[in-house]
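# Commentary on secondary and tertiary structure
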Amino acid sequence: MTTLPGAEWWRTAVIYQIYPRSFADLTGDGIGDLPGITAHLDDLVDLGVDAIWLSPFYRSPQKDAGYDVADYCDVDPLFGSLRDFDDMLAEAHRRGIRVIVDLVPNHSSDQHEWFQQALAAAPGSPERARYMFRDGKGAGGELPPNNWDSVFGGPAWTRIVEADGEPGQWYLHLFDTSQPDFDWTNPEVQGEFRRILRFWLDRGVDGFRVDVAHGLVKAEGLPDYAHPGHEVDAMGGQHGEVPFWGQEGVHEIYRDWHRLLAEYAGDRALCAEAWLPTVAQTALWVRPDEMHQAFNFNYLETGWDAAQLRAVIDESLAAYAAVGAPSTWVLSNHDVVRHASRLALTAENPQGHGIGPDSPGKPIPEVGLRRARAATTLMLALPGSAYLYQGEELGLPEVIDIPGEARQDPTWFRTDGERYGRDGCRVPIPWTADAPAYGFSATGESWLPQPAEWAALARDAQTADPASTLSLYRMLLSARRGRGLGAGAVEWLESAPGVLALRNATVTVFANLGEVPIRRPEGVVLIASGPLDGDFVPVDTTIWLVND
Ligand code: GLC
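What this report covers is the structure whose coordinates are included nearby.

The rules behind these values
- Residues numbered from 1 in each chain as written.
- Predicted model: local features only at pLDDT ≥ 70, side-chain atom pairs only at ≥ 80, totals over all residues.
- Heavy atoms only, no water.
- Helix = DSSP H or I, 4+ residues; strand = E, 2+ residues; numbered from the N terminus.
- Rg over C-alpha atoms; globule rule 2.2 N^0.38 Å.
- Buried < 20%, exposed > 50% of the residue type's maximum accessible area, 1.4 Å probe, protein only.
- Areas by Shrake-Rupley, 256 points an atom, 1.4 Å probe, with all protein chains shown as cover.
- Near = heavy atom within 4 Å.
- Polar contact = N/O pair within 3.5 Å; in protein donor to acceptor, adjacent residues only side chain to side chain.
- Nonpolar A, V, L, I, M, F, W, Y, C, P; charged D, E, K, R; others polar.
- Pairing = 2+ DSSP bridges.

## Considerations on the overall build of the protein chain
Summing up its helical and strand segments, the protein chain has 14 helices and 20 strands in all. Compactness check: the protein chain gives a C-alpha radius of gyration of 23 Å against a globular reference of 24 Å for 548 residues, within 12% of the reference. C-alpha atoms of the protein chain, sized along the principal axes, occupy 80 × 50 × 50 Å. Put simply, the protein chain has 548 residues, and 60% of those count as buried. Carbon together with sulfur atoms contributes 53% to the accessible area of the protein chain, which is approximately 20100 Å² in total.

Spelled out as structure tokens, the structure:
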């Protein structure tokens, strides 16, 4: 069914990100799978989310945890089969949960049939033209075609050996060497992705999260990048003009996809993963004829500071309203330090660098969790759509002490361990306190080691405890839905410095980010992110009040 414009499900949905390899492992090989998701759908109903987004489960050599796709239209045997996918989708739909899948259009795996054909073909051939092959610079072509760096560290170009055994052309990979970038000016690439979109739409998915949606088109002539004095930071969010991020040509691709999705009933949606310097720039990805949502990374990147948060909330509401899109809100995902740790970091930590044993400014866990609960209680009061990342409802922190030999993020290898990377937010989640691997997998296998402290954070240990983080999330999601906050509006109330006070529909939100306890306004406390002290709201605490 297609709803009236303005009432589409994605405008207000709370969408829960599942990172399949770390969610639930039914086969016992230490890597989560699709049947594991199906088995836990009732837990997600109980939590109260509207939709799930699945990170990639396609055929892949798993060099970048599945973001290196070898076959876009099949399930990797690690995760199950297409049949398992169809079952999962049907079971989710039966429970009223929508399903968004990840689409990775910027690059494929080097094991993709097309890339293998390109390697075997000659320079200048149609096979090479699907990717970004170029001759090198220097007398013998021994230098890369330009100075671009990979997001994961090191150069963004790799030289190949041609069929005659001689060193030959170079290919571009904004990420790992195993992830060659497609050439999106090539109609064949455009056609192939239309086919892939239809393949999943025909199966019944409700939409796509589009990976690296700001990177598909590169500046004409691939000019050198004039570094503004420091390296390209992880996803390119901080700088103005970067020849591989945010090029005008990408918008035509999404207009095309918008038209394609509109042929299908049911308000299918596209969500952009686009790391751009400002909210206003990101809003260009969700103009009425383009994508439907974009992740609000500007919000995620804002520190625990009342004035800055108020500013980014206002900016977001205004920028997205100007293009008729909902704002989205997000605090954690599989690429950033979990917010139960990030909000208490005391040193600079660029996205993608992660934290490990030797990182400066490591968080105090209690402070991190208190702030995370307060931050989520603020976020879930905001109108629009919100994204949650598996495990945040358990208050999971970043895992800091993963031994070097267990780490798997290509960032760790490509920087010789200088950046810890993203493994710390990807550790398999705990379901049962006293089961092997905390119930993640029956055999006790886990592709990344789980910390001993996680027994106390297991889902079953939190279910019946009204003060647990899980109970807090359940209450927030239920009240958000019941009181229509997703479709509401923000009205700021007067407040002391360091405090955010706002009204949305029937709820008054009061967040104390300051240094001293503050007396709360009149009303009945519906939800508190932490213990209150009589009429006083302690620091790092958010409450929802009602007067009904
Ligand atoms: C996106 C994904 C990230 C991946 C990268 C390359 O940023 O979220 O996990 O490594 O793209 O596909």
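And the narrative resumes.
## Some thoughts on the site of the ligand
Around the ligand, the structure places 15 residues, and the nearest of them are Asp64, Asp211, Glu273, His334 and Asp335. Within the side chain of Glu273, a nitrogen or oxygen atom sits 2.7 Å from an oxygen atom of the ligand. Contact with the protein chains hides 99% of the accessible area of the ligand, taken as 310 Å² for the molecule alone. For the shell around the ligand, the per-class residue count stands at five nonpolar, three polar and seven charged.

## Considering unusual backbone geometry
For Val212, which is not glycine, the phi torsion reads 45 degrees and is therefore positive. Checked against the element boundaries, Val212 lands in the loop between strand E9 (207–210) and helix H6 (250–262). Even without a glycine there, the phi angle at Ala437 is positive, about 50 degrees. Mapped onto the fold, Ala437 is located in the loop between helix H12 (410–414) and helix H13 (459–462).

## With respect to the sheet that holds strand E6 (residues 133–134)
Pairing in this open sheet of three strands is antiparallel, and the strands run E6-E8-E7 from one edge to the other. Strands at the two margins of the open sheet, each flanked by one partner only, are E6 and strand E7 (157–161).

## Comments concerning the sheet that holds strand E11 (residues 293–294)
The eight strands lie next to each other as E11-E10-E9-E5-E2-E1-E13-E12, forming an open sheet whose pairing is parallel. Looking along the sheet, the strands with just one partner apiece sit at the ends: E11 and strand E12 (328–330). In this sheet, strand E10 (residues 269–272) lies alongside E9 in parallel orientation, the contact comprising four bridges. Pairing of Arg209 across the sheet is with Cys271, part of E10.

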